[in-house]
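Topology and contacts: notes
Residue strings, one per chain:
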Amino acid sequence: MKLAIHQPEFLPWLGFFNKMVLADLYVVFDHVQFKKRYFENRNRIVSPNGEISFIGVPVVSKGRYTQAIKDVEIDNTQKWKEKLLKNIVRNYSKAPYFKNYYNQMENIVSAKDYGYLIDFNMAMIEFFRDALGIMTPMIYSSQLNVDEYKASELILQICILEHAYIYLCGYSGRDYLRQEDFQEKGVYIEWLDYVTPNYNQLCQKFTPYMSTLDLLFNCGEKSLETIKGQGKREEG
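Owing to the predicted nature of the structure, the values given are computational and were not obtained by experimental measurement. (Residues numbered from 1 in each chain as written. Predicted model: local features only at pLDDT ≥ 70, side-chain atom pairs only at ≥ 80, totals over all residues. Heavy atoms only, no water.)

Right, let's talk about the environment of Ile45 for a bit. Considering the arrangement of structural elements, one finds Ile45 in strand S3 (residues 42-46). Along the backbone, Ile45 and Asp214 are 169 residues apart, and their C-alpha atoms lie at a distance of 6.5 Å. Those residues in contact with Ile45, other than ones at most four positions away along the chain, are Glu51, Ile52, Ser53, Ile55, Asn87, Asn91, Tyr92 and Met210. (Helix = DSSP H or I, 4+ residues; strand = E, 2+ residues; numbered from the N terminus. Contact = heavy atoms within 4.5 Å.)

Have a look at this one:
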């Protein structure tokens, strides 16, 4: 079995879903430390004139105290929903597939009062999974008995618990994974160095590494094949 593990990001980029497509099981890494002002509560979009900006969800700061991703609360004293939707409309209302997906996305944003960041992030991840046709099973790391493990040992223990023989990992994992430990336990690490494939955007010059929202509004039903590197950017 091929296993992938990743933090539940906000409106994730294409590489997030490419890893999910390749996996037989996807572990939502929700019990590890939250990184404020990282991709767990914000992501990048690009305007028709090529300007890159961040959209996101404000969170309640715990100061210097660390907190797990699953425990991060949304700062609902701010009108973040209105701001988020306004930014999306302003940047993508002229995209060819905007009308195909926006109403559903708006309904998810407005449907409930989200107290925790992970609830909103997972609702949007499920939106993308549905739109892309990804059906890889998911579980949460917080549901596993792995609290005593850290770093490389934590990843390996999850692989062992879920009987994975291949662990799908981004290249940053080379900085901390002890490969000899994985080999000893019969787990092979498959390194992923994902590069965003070119696709048509509203801006003239292609801008990579955007939220998958950018891809979906611009490519529609061709989005999954683009994520897998099978789509092609049209010239002209």
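So, next bit.
This paragraph deals with the sheet that holds strand S2 (residues 25-28). The parallel open sheet is built from 5 strands, whose spatial order is S5-S2-S1-S6-S7. Whereas interior strands pair on both sides, the edge strands pair on one side only; in this sheet they are strand S5 (138-140) and strand S7 (188-192). Averaged over all pairs of adjacent strands, the angle between strand axes in this sheet comes to 30°, irrespective of strand direction. With 3 bridges joining them, S2 and S5 adopt parallel strand pairing. Across the sheet, residue Tyr26 finds its bridge partner in S5, namely Met138. Along the sheet face, helix H1 (residues 14-22) touches strand S1 (2-6), S2, S5, strand S6 (166-170) and S7 and points at about 155° away from the line of S1. (Pairing = 2+ DSSP bridges. Axes fitted to C-alpha atoms, helices over the stretch in contact; angles between N-to-C directions.)

Here we take up the pattern of salt bridges. Side chains that carry opposite charge are capable of pairing whenever their charged atoms lie near each other. This structure, assessed with the given rule, holds 4 salt bridges. With its nearest N and O atoms 3.2 Å apart, the salt bridge here joins Glu126 to Arg129. You can see Glu126 and its partner Arg129 sitting in helix H4 (residues 117-132), 3 residues apart, about one turn around the helix. Arg129 sits in the buried class, given a relative accessible area of 10%. The residue Asp181 makes a salt bridge to Arg178 at a minimum N-O spacing of 2.6 Å. (Salt bridge = Lys/Arg side-chain N within 4 Å of Asp/Glu carboxyl O. Buried < 20%, exposed > 50% of the residue type's maximum accessible area, 1.4 Å probe, protein only.)

In total, this model carries 0 disulfides according to the counting rule given. In this structure Cys169 is not part of a disulfide, and its nearest cysteine sulfur, from Cys159, lies 9.3 Å away. Looking at Cys203, it has no disulfide partner, and the nearest cysteine sulfur is the one in Cys219, 12 Å off. Of the residues examined, Cys203 reaches a relative accessible area of 3% and is grouped as buried. (Disulfide = S-S within 2.5 Å.)

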